[in-house]
Amino acid sequence: MNRAIRNVLAVLLLALAAAGVLAASKDRQVNFSGTWKLNAKKSKGAPDWRPDTVLVVLQSPYQIHFTYFLNADAVQPFQNYDYVTNGKETKLYVTGTEEAYASVRWTSKNVLQVRTHHVVRHEVGDTDWNEVDTWAISDDGKTLTNKLSDGNFIVYDKAEKDKVY
């Protein structure tokens, strides 16, 4: 094989490899990790939380953890959720009469879907229902939005500094 053909093939292989790396990084999910402050003004139907509520998100490749605090100075969280993001249904919690299961998966590189299946046990008969919420981060990484299954949404803005707890 002559030298010109080898050079053309080498350049072609390098170009294909570079295109593959770019395509792979383009589809990689974003990281929600960080400290987020509730923006009640941008939210619709937000829970009756204090306006200075803080959300801390920790994310790894197959898990995501949401921790809610009353404010940036609070030591104890008031709510926690741990999810495995493989799409398989896992037990979320159990009370005396209710069980909840979550199925969590990435639907695109910046959207996390949380499907929750509730079962309430009664003497007469069981009641069950599903909720599908999504979490999405803005392209600039400064806004995290939780769209609830009832049509409401909760908006969080990226905090200037991360909460340490």
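Coordinates for the structure precede this section.
In this convention, every chain numbers its residues from 1, walking through the sequence in written order. Note on the predicted model: pLDDT of at least 70 is required for a residue's local features to be given, and 80 or more for side-chain atom pairs to be given and counted; whole-chain, interface and lining totals, by contrast, use all residues. To obtain the side-chain values, all non-hydrogen atoms of the structure were used and water was disregarded.

Another point: the overall build of the chain. By the criteria applied, helices consist of DSSP H or I runs no shorter than four residues and strands consist of E runs no shorter than two, each listed in order from the N terminus. If you tally the helices and strands in the chain, you get 1 helix and 10 strands. Helices (α) and strands (β) of the chain occur, in sequence order from the N terminus, as α-β-β-β-β-β-β-β-β-β-β. When accessible area is computed with a 1.4 Å probe and restricted to protein chains, residues below 20% of their type maximum are described as buried, those above 50% as exposed, and intermediate ones as partly exposed. Taking all 165 residues of the chain together, the buried fraction comes to 32%. A contact between two residues is defined here by any heavy atoms of the two lying within 4.5 Å. Expressed as a percentage of contacts within the chain between residues at least 6 apart in sequence, the contacts between residues at least 24 apart total 36%. Here the chain has roughly 10,800 Å² of accessible surface; of this, 55% comes from carbon and sulfur atoms. The Shrake-Rupley method, run with a 1.4 Å probe, gives the accessible areas here. Residue values count only the displayed protein chains as cover.

Turning next to the packing of aromatic side chains. Pairs were defined over the aromatic rings of Phe, Tyr and Trp, the Trp ring being its six-membered one, requiring ring centres within 6.5 Å. Orientation was assigned from the angle between planes: stacked under 30 degrees, edge-to-face over 60, tilted for the rest. Counted under the stated rule, the structure contains 7 aromatic pairs. An angle of 25 degrees between the planes, with centres 4.4 Å apart, marks the rings of phenylalanine 66 and tryptophan 135 as stacked. With phenylalanine 66 in strand E3 (residues 63-69) and tryptophan 135 in strand E8 (residues 127-137), the pair connects residues that are 69 residues apart, well separated along the chain. Cluster of aromatic residues (ring-pair linked, three or more members): Phe66, Tyr68, Phe78, Tyr81, Tyr83, Trp135 and Tyr156.

With that out of the way, let us pick up the nonpolar core. Soluble globular proteins tend to bury their nonpolar side chains together. Side-chain atoms within 4.5 Å link the members of a nonpolar core, which is a set of buried Ala, Val, Leu, Ile, Met, Phe, Trp, Tyr and Cys residues. The biggest cluster of nonpolar side chains holds 20 residues, and the ones touching the most others in it are Phe32, Leu55, Phe66, Leu112, Trp135, Leu144 and Tyr156. Every element with two or more residues in this core is listed here: strand E1 (34-38), strand E2 (54-60), E3, strand E6 (98-108), strand E7 (111-120), E8 and strand E10 (153-158). When neighbours within four sequence positions are excluded, tryptophan 135 is seen to be in contact with Phe32, Leu55, Phe66, Tyr68, Asn110, Val111, Leu112, Val114, Leu144, Thr145, Asn146 and Tyr156.

Read from one edge of the open sheet, 10 strands run E4-E3-E2-E1-E10-E9-E8-E7-E6-E5, paired in antiparallel fashion. Either end of the sheet is taken by a strand with one partner, and the two such strands are strand E4 (79-84) and strand E5 (89-94). Averaged over all adjacent pairs, the angle separating strand axes in this sheet is 25 degrees, with direction ignored. Sheet topology note: the E6/E7 ladder contains 10 bridges and is antiparallel. What sits directly across from arginine 105, in E7, is glutamine 113. Only strands that DSSP links by at least two bridges are regarded as paired with each other. All axes are obtained by fitting lines to C-alpha atoms, using only the stretch in contact for helices, and the reported angles, taken between N-to-C directions, cover 0 to 180 degrees.

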